[in-house]
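Residue-level structure breakdown
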Protein chains: 4
Amino acid sequence: MGRPSNTEQRRAEIREGLLAVMSERGYGGASIAAIARAAGLRSGLVHYHYESKLAILTGLVEDLAAGLDARYRARCSADDSSDERLMTFIDAHVATGPDADQRAVRAWITVSAEALHQPEVRTLYVAALEQRHEELKRLFASALKQRGRSTRKASELAAAVSAAIEGTFHIASAAPHLIPKGSAARTLRRMASGLLDGTDA
Amino acid sequence: MGRPSNTEQRRAEIREGLLAVMSERGYGGASIAAIARAAGLRSGLVHYHYESKLAILTGLVEDLAAGLDARYRARCSADDSSDERLMTFIDAHVATGPDADQRAVRAWITVSAEALHQPEVRTLYVAALEQRHEELKRLFASALKQRGRSTRKASELAAAVSAAIEGTFHIASAAPHLIPKGSAARTLRRMASGLLDGTDA
Amino acid sequence: MGRPSNTEQRRAEIREGLLAVMSERGYGGASIAAIARAAGLRSGLVHYHYESKLAILTGLVEDLAAGLDARYRARCSADDSSDERLMTFIDAHVATGPDADQRAVRAWITVSAEALHQPEVRTLYVAALEQRHEELKRLFASALKQRGRSTRKASELAAAVSAAIEGTFHIASAAPHLIPKGSAARTLRRMASGLLDGTDA
Amino acid sequence: MGRPSNTEQRRAEIREGLLAVMSERGYGGASIAAIARAAGLRSGLVHYHYESKLAILTGLVEDLAAGLDARYRARCSADDSSDERLMTFIDAHVATGPDADQRAVRAWITVSAEALHQPEVRTLYVAALEQRHEELKRLFASALKQRGRSTRKASELAAAVSAAIEGTFHIASAAPHLIPKGSAARTLRRMASGLLDGTDA
DNA sequence: TATGAATGAGACTTCATTCAT
DNA sequence: CATGAATGAAGTCTCATTCAT
């Protein structure tokens, strides 16, 4: 009895509304009213499903992190080599294919700025960076091992590629003309290769 | 006759106030009152010297860009080789030395997010990215030439290093534990070397 | 389901608040806080029902114009002669009867001044003047026709009476002692008669 | 010794500045800074010569009243008949000749609105209305006497013409297309004639 | 006289959040 | 669940006035 709860769907609609508004106007420009409008809801409803505006943001951060991860997994094949997996990881993050989501990238940049002074956001943002770092470290370690080299530098290499990915988001969003033709993926792949095969200096 | 103008100093104090507050609380959290407090001024005075809050921000963006450039120039020597200059450029941007300014880095991140939806900020942010790109391209071209290699890829390599620098700002600010010991500079140097000496694939 | 809307009533209360304050202190003196106080509302509510202070003013201008029109219609009888209707029109505008509203007259004067530099107000003020002009022109044309005279000058006569009405508002509000005993209506009626029966010079 | 005071000229410049700004933006839009700018002065100087913004306004009101009076006197000839003088008075107020000053008319309208709630302004505005009324009464009395009629109604007729003049200011400023071709002067002249020669009803 | 900095009150407006229906 | 009114704090900005130089 009673109608079935539609809360989870409503919550998703609200997060989607925040994504839409925030990617256009930033977090400060995303008023509850604007979020509701973008979601096709009445503004009074937002606080019924979310206790606060910050809670919507943290929910969205989880969506964004999950989205990147899903994009990576969708591109993986079971029989990929270590090197292939590494390249796939890079592509999943910076390639401008049909599944690229400019809104998500813009929102992610906003999140990275909010993370600086909102502890709840920072926690999730850092967790996402850590997860990315771990995966990259794993991939680099595999690739190094395959080359018969020490995996000692895997973490360092992961940090470099992770930083390049994060930075590519900014440059691609604000100054796409500075991104080499054919997307940034190719350059980042080369960078990873250079790191893998360079001297241990 | 008349009172001597102190506007330039006051404007500098106000920008410094914005830097202080913004690096702690973001642009949205930097109210005029807070900026004035940080600058030791009464809030009414802020709008006497700056027409709007946005004007303070754009002024600060120019400061930040100029600061990075100055840091680089201060580290250059006249007799640096191409490779040395490239490494110096990287160090100037990501090394955590005594002249590093965490506040500036945090503020820069905030700026990069504001640039997404504030045209005036975007213009300056993009100009800074372009300037960085040009300098890196020049440095890579020199270094490649010295190796007797084509400079065709100089722009691409510049984009990769520029992205890595920008991304390092984020990781260093939000998740410093993911930055390899001894700063990110070493890793980025290695990345640049790898790019310089890698195959042209 | 949901709460019934009371926006129309609230908006009317707010316009009434503006009328009350503006007639005492002018438009500049009518702060949102003062309007809210006069309307018995909390000031935050004003901008929930009206997007801006200017929007309240334009709403009020429409009220005032409609009020004058209603006053005229209420005094009309179906079997009035042309001359009677003309006199009724004048009375409705300048007679000081029990339905006269000093506040409305004072507010109207304020509106006429604001119209000089606020396009939205000007549009409505001019529309009201045009409507008054048209009605007077019609009435004069009828009265002239009845006298077997040309209606060529009807518009000109309308302009004169319309101006006299507008001017009477000012004199009655600022210097009522200059208004002849028994109200200005008698004098304006005589003026209309003189214009109707004068030579065509 | 000491330089000769230029206060009176400065005060005139400031009043002229207020006239310029007020006719464009109203009294509320006439900030001290804007007045100074229009007058070619620095804003700090304004309060040296005028104790308050209101004092500038009252000074300007006197200018405006004096200007209208001067315009009338300049058009009078010593040997004018009573009727001619009356027509000259009307022309001096509403004719659109080369000496007409649209700015002054717009400023006068603003003054008439401010008079409603600023006692100092009201005093001067009412005084100007009274002076106009007295002059018109005198002129009507003369003209009536010449016709061998009672001067009993002179004040009433003065009130009607005075109102028509004031109202013409508004219509000419806000809706000039409602003013009959060839200026309002002709119509007001006819109105005066009609009042002079009409029945005493 | 003249300049321009400084002050502080107050303006309009936005908005997250609460709550009655 | 849903709606929309209501609240109050806070934000940016304007400005008349005062004052040091």
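Whatever comes next refers back to the structure up there.
Keep in mind that what you see is a predicted model, and the values were worked out from it rather than measured.

Reading the values: the criteria
- Residues numbered from 1 in each chain as written.
- Chains lettered and ligands numbered in written order.
- Predicted model: local features only at pLDDT ≥ 70, side-chain atom pairs only at ≥ 80, totals over all residues.
- Heavy atoms only, no water.
- Least-squares fit on C-alpha atoms with pLDDT ≥ 70 in both.
- Contact = heavy atoms within 4.5 Å.
- Buried < 20%, exposed > 50% of the residue type's maximum accessible area, 1.4 Å probe, protein only.
- Helix = DSSP H or I, 4+ residues; strand = E, 2+ residues; numbered from the N terminus.
- Salt bridge = Lys/Arg side-chain N within 4 Å of Asp/Glu carboxyl O.
- Near = heavy atom within 4 Å.
- Polar contact = N/O pair within 3.5 Å; in protein donor to acceptor, adjacent residues only side chain to side chain.
- Nonpolar A, V, L, I, M, F, W, Y, C, P; charged D, E, K, R; others polar.
- Buried area = accessible area lost by both parts, 1.4 Å probe.

**What to know about the relation of the copies chain D and chain C**
Here chain D sits on chain C after a turn of 180° about the axis and a move of 0.0 Å along it, with an RMSD of 0.1 Å. Taken together, the rotation and translation relating the two chain copies correspond to the operation of a two-fold axis. Comparing interface residues between copies, 100% of those in chain D also sit at the interface in chain C, which points to an isologous, same-surface contact.

**Some details on helix α2 (residues 32-39) of chain B**
All names here are of chain B. When we look at burial in α2, the residues that qualify are Ile-32, Ala-34, Ile-35, Ala-36 and Ala-39. Buried residues along α2 sit against α1 (7-25), α3 (43-49) and α4 (53-75). Count one or two residues on from α2 and you reach Gly-40, which has phi positive near 75°.

**Describing the environment of Ala-143 of chain A**
Residue and element names in this part refer to chain A. Along the chain, Ala-143 turns up in helix α7 (residues 119-146). On the basis of relative accessible area, Ala-143 is assigned to the buried category, the value being 0%. Along the primary structure Ala-143 and Ser-82 are separated by 61 residues, whereas in three dimensions their C-alpha atoms are 5.2 Å apart. Residues contacting Ala-143, with those up to four places away along its chain left out, are Ser-82, Asp-83 and Leu-196.

**Re the pattern of salt bridges**
What the rule picks out here adds up to 58 salt bridges over all chains. Among the ionic pairs, Arg-15 of chain C bridges to Asp-63 of chain C, the shortest N-O distance being 2.6 Å. One end of the pair, Arg-15 of chain C, is in helix α1 (residues 7-25); the other, Asp-63 of chain C, is in helix α4 (residues 53-75), and 48 residues separate them in sequence. Under the relative-accessibility criterion, Arg-15 of chain C is labelled buried at 14%. The class for Asp-63 of chain C is partly exposed, based on a relative accessible area of 32%. Of the charged contacts, one joins Arg-15 of chain D and Glu-8 of chain D as a salt bridge, the two residues approaching to 3.9 Å between their closest N and O atoms. One network of salt bridges, with partners in common, ties together Glu-8, Arg-11, Arg-15 and Asp-63 of chain A.

**Quick notes on the protein's contact with DNA strand F**
Near DNA strand F there are 36 residues, and of these Asn-6 and Arg-42 of chain A, Arg-42 and Tyr-48 of chain C together with Ile-32 of chain D occur at the shortest range. Sugar plus phosphate, as a fraction of atoms of DNA strand F within 4 Å of the protein: 76%. Between DNA strand F and His-47 of chain B, the relevant distance is 2.9 Å, taken from a phosphate oxygen to a side-chain nitrogen or oxygen of the residue. One of the backbone nitrogen or oxygen atoms of Lys-53 of chain B is found 2.9 Å away from a phosphate oxygen of DNA strand F. Classifying every residue of the surface near DNA strand F gives 9 nonpolar, 18 polar and 9 charged.

**Remarks on the protein's contact with DNA strand E**
Every one of the 36 residues lining DNA strand E counts as a neighbour, but Arg-10, Arg-42 and Tyr-48 of chain B together with Ser-5 and Arg-42 of chain D are closest to it. What you see for DNA strand E is that sugar and phosphate hold 74% of its atoms within 4 Å of the protein. The side chain of Thr-7 of chain B places a nitrogen or oxygen atom 3.0 Å from a phosphate oxygen of DNA strand E. A distance of 2.6 Å separates a phosphate oxygen of DNA strand E from a polar atom in the side chain of Arg-10 of chain B. Those elements giving two or more residues to the surface near DNA strand E turn out to be α1 and α3 of chain B together with α1 (7-25) and α3 (43-49) of chain D.

**Notes on the interface of chain B and chain A**
Of the residues lining the interface, 44 residues belong to chain B; the matching set on chain A comes to 44 residues. For the pair chain B and chain A, the summed buried area comes to about 3,800 Å², and 67% of that belongs to carbon and sulfur atoms. Summed over the shared surface of chain B and chain A, the result is 4 salt bridges. Between Glu-156 of chain B and Arg-190 of chain A there is a salt bridge, with its nearest N and O atoms 3.7 Å apart. Linking chain B with chain A are 15 residue pairs in polar contact (both at pLDDT 80 or more). Where the side of chain B that touches chain A is concerned, the elements lending two or more residues are α1, α6 (102-114), α7 (119-146), α8 (154-174) and α9 (185-197) of chain B. Here the side of chain B that touches chain A takes 14 residues from α8 of chain B, the largest share from any one element. Taken together, the residues that form the side of chain B that touches chain A break down as 19 nonpolar, 14 polar and 11 charged.

Limitation: the analysis is restricted to geometry and does not speak to function.
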